[in-house]
Amino acid sequence: MRIFYVVFVFVTMYIQKSNSIDFNYLSAFNFGDSNSDTGDLVAGLGIRLDLPNGQNYFKTSSQRFCDGRLAIDFLMDAMDMPFLNPYLDSLGLPNFKRGCNFAAAGSTILPANPTSVSPFSFDLQISQFVRFKSRALELLAKTGRKYEKYLPPLDYYSKGLYMIDIGQNDIAGAFYSKTLDQVLASIPSILETFENGLKRLYEEGGRNFWIHNTGPLGCLAQNIAKFGTDSTKLDEFGCVSSHNQAAKLFNLQLHALSNKFQAQFPDSDVTYFDIFSIKSNLIANYSRFGFENPIMVCCGVGGAPLNYDSRISCGQTKVLDGIPVTAKACNDSSEYINWDGIHYTEAANHFVSNQILTGKYSDPPFSDQMPFILSLKF
């Protein structure tokens with residue numbers, strides 16, 4: 001069991017910085033991949049994502065690639081906002097009054113191709129947002145008060161928070177067909193597409209942006225199993241060096257892009273979050289934070305050291321080498337950082353969100369402006 005210490009952080013009454021963080025957002029709109037997908041890919045492609053996914057918090061599959069909540073769920077909760085409903089889920093009477101989630105697992109910044117896991121690239125997600133906004137305002141104008149409990153009015157878009165966490169699949173996926181040098185050389189074109197998307201959101205009224213960089217991709221069991229069979233390619237933590245090198249360069253250029261965008265559009269508030277440092281610190285010091293397995297997968301097959309097999313996903317049963325095998329969850333997922341070889345456990349997501357909310361890993365930092373009470377794990 002893990003011990004929790006409550007850290008009290010008080011809101012500053014007078015904020016002096018011109019581009020300060022405002023946590024009283026009227027709404028939130030999220031764009032990204034599986035790190036923040038609350039059900040879009042499952043609904044959009046009509047696929048199944050059953051237990052043990054969702055087993056902890058939701059007690060049933062929540063259409064998240066996780067045993068429970070994602071970092072975005074914790075962030076919404078901390079801002080006293082409801083979990084974001086996925087844009088493509090038409091069932092369950094979704095309420096979009098406080099925002100909408102366009103993130104879909106497997107999505108990339110670059111346009112999707114026929115072999116892509118997800119067709120919902122960053123640009124397409126933004127097009128979905130544009131359609132969402134237009135249709136919502138149209139319905140509100142035509143029906144009066146009928147839909148006002150379910151759809152955001154006009155000022156919710158300019159006063160809303162636009163959260164973006166995407167790029168992991170562009171970098172990790174490129175290694176299947178490119179050398180490290182080729183992957184590094186492709187980063188500027190990836191970020192050019194990202195910048196164009198950011199400008200589209202600005203043109204639609206977006207002013208408050210949270211941009212998350214990508215984590216240490218080389219520490220995901222999926223990448224270690226595929227690209228880390230040669231121990232000389234691993235770092236001291238057992239992570240694939242090339243993938244982390246690419247992630248670092250991507251993040252460096254993404255940070256520069258964020259600063260450039262802020263300077264170009266001074267009426268916007270752009271906050272860049274260093275997720276790479278948060279997750280790297282967690283992996284390097286996992287025992288200090290109460291975890292027992294930094295890289296080994298909770299829901300998988302094969303046993304130590306990775307408990308991962310790319311042929312079978314979490315919860316599935318398949319015949320491998322003539323033997324029926326089920327990828328089952330471990331007894332206590334709170335001891336693990338990695339859930340299924342690609343995604344983090346709820347416990348790890350909790351840690352990541354808590355670190356985000358300290359304000360120490362953002363540019364600009366906002367640790368002196370936090371209105372939240374955080375439960376930090378040590």
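The following refers to the structure shown. (Residues numbered from 1 in each chain as written. Predicted model: local features only at pLDDT ≥ 70, side-chain atom pairs only at ≥ 80, totals over all residues. Heavy atoms only, no water.)

One pass over the full model with this rule turns up 3 disulfides. Across the disulfide, Cys299 is cross-linked to Cys314 (sulfur-sulfur distance 2.1 Å). The chirality of the disulfide connecting Cys299 with Cys314 is right-handed, given an S-S dihedral of about 90°. Here Cys314 lies in the loop between strand E7 (293-297) and strand E8 (317-320) and Cys299 lies in the loop between E7 and E8, a separation of 15 residues in the sequence. Cys299 sits in the buried class, given a relative accessible area of 1%. Assigning the bonded cysteines of the chain consecutive numbers by sequence position, one obtains the connectivity 1-2, 3-6, 4-5. We note that Cys66 lacks a disulfide partner, and the nearest cysteine sulfur, in Cys314, lies 9.8 Å from it. Classification of Cys66 by relative accessible area gives buried; the value is 0%. (Disulfide = S-S within 2.5 Å. Helix = DSSP H or I, 4+ residues; strand = E, 2+ residues; numbered from the N terminus. Buried < 20%, exposed > 50% of the residue type's maximum accessible area, 1.4 Å probe, protein only.)

Here we take up the packing of helix H2 (residues 71-78) against helix H10 (residues 346-357). Two numbers describe how H2 lies on H10: the axes approach to 8 Å, and their chain directions differ by 50°. When the axes of H2 and H10 are compared, the pair comes out oblique. In the crossing of H2 with H10, the sense of the turn from one axis to the other is right-handed. Across the interface between the two elements, Ala71, Phe74, Leu75 and Ala78 from H2 touch Glu346, Asn349, His350, Ser353, Ile356 and Leu357 from H10. (Axes fitted to C-alpha atoms, helices over the stretch in contact; angles between N-to-C directions. Parallel < 35°, antiparallel > 145°, perpendicular 65-115°, else oblique. Left-handed = near helix turned anticlockwise from the far one by under 90°. Contact = heavy atoms within 4.5 Å.)

Now for the pattern of salt bridges. For the structure shown, the criterion picks out 13 salt bridges. Where Arg64 meets Asp73, a salt bridge forms, and the shortest distance between an N and an O atom there is 2.8 Å. Considered together, Arg64 and Asp73 belong to a single accessibility category, that of buried residues. Note that Lys133 is salt-bridged to Glu204, the shortest N-O span being 3.5 Å. Taken together, the residues Lys133 in helix H3 (residues 122-143) and Glu204 in the loop between helix H6 (180-203) and strand E5 (208-212) connect sequence positions 71 residues apart. For Lys133, a relative accessible area of 13% corresponds to the buried category. Among the residues examined, Glu204 registers a relative accessible area of 23% and is labelled partly exposed. (Salt bridge = Lys/Arg side-chain N within 4 Å of Asp/Glu carboxyl O.)

Note: most residues except glycine have negative phi, and most peptide bonds are trans. Cis geometry marks the peptide bond from Ala304 to Pro305; its omega dihedral reads 5°. Unusually for a residue other than glycine, Asn307 sits at a positive phi of about 55°. Among the structural elements, Asn307 can be located in the loop between E7 and E8. On the basis of relative accessible area, Asn307 is assigned to the buried category, the value being 11%.

Further remarks concern the sheet that holds strand E6 (residues 269-273). The strand order E3-E2-E4-E5-E6-E11 describes an open sheet built from 6 strands, whose pairing is mixed. Lying at the two open borders of the sheet, with one neighbouring strand each, are strand E3 (99-101) and strand E11 (362-363). Note: E5 against E6, 5 bridges, orientation parallel. Bridging from a neighbouring strand, Asn208 pairs with Asp269 of E6. Lying over the sheet, H2 contacts strand E2 (28-32), strand E4 (161-165) and E5, oriented at roughly 160° with respect to E4. The strands touched by H6 are E2, E4 and E5; relative to E5, the strand with the most contacts, the crossing angle is about 155°. (Pairing = 2+ DSSP bridges.)

With that out of the way, let us pick up the layout of surface pockets. Counted as a void, the largest pocket has a volume near 1,300 Å³. Surrounding the largest pocket, 46 residues form its lining, Gly106, Val117, Asn169, Gln222 and Ile342 being those nearest its centre. Counting residues per element, the ones that place at least two in the lining of the largest pocket are helix H5 (168-174), H6 and helix H7 (221-227). Looking at the lining of the largest pocket, the element that brings in the most residues is H5, giving 6 residues. (1 Å grid on protein atoms, 1.4 Å probe; cavity = no way out; pocket = protein on both sides within 12 Å on 5 of 7 lines; lining within 4 Å. Points joined across faces, edges and corners; volume = space filled by probe spheres on them.)

In a regular helix each residue adds 1.5 Å, so 12 residues correspond to 16 Å; H10 covers 16 Å between its end C-alpha atoms and thus fits that length. Most of H10 sits out of view: 12 of its 12 residues are buried. Where H10 is concerned, the buried positions are Glu346, Ala347, Ala348, Asn349, His350, Phe351, Val352, Ser353, Asn354, Gln355, Ile356 and Leu357. Two residues or fewer past H10, Gly359 is found with a positive phi of approximately 80°. (Expected span 1.5 Å × (residues − 1).)

To continue, consider the pairing of E2. Here E2 lies mainly inside the structure; 5 of its 5 residues are buried. A two-sided burial pattern is seen for E2, the buried positions comprising Ala28, Asn30 and Gly32 on one face and Phe29 and Phe31 on the other. Alignment of E2 against E4, held across 5 bridges, turns out to be parallel. Looking at the pairing, Phe29 lines up with Tyr162 of E4.

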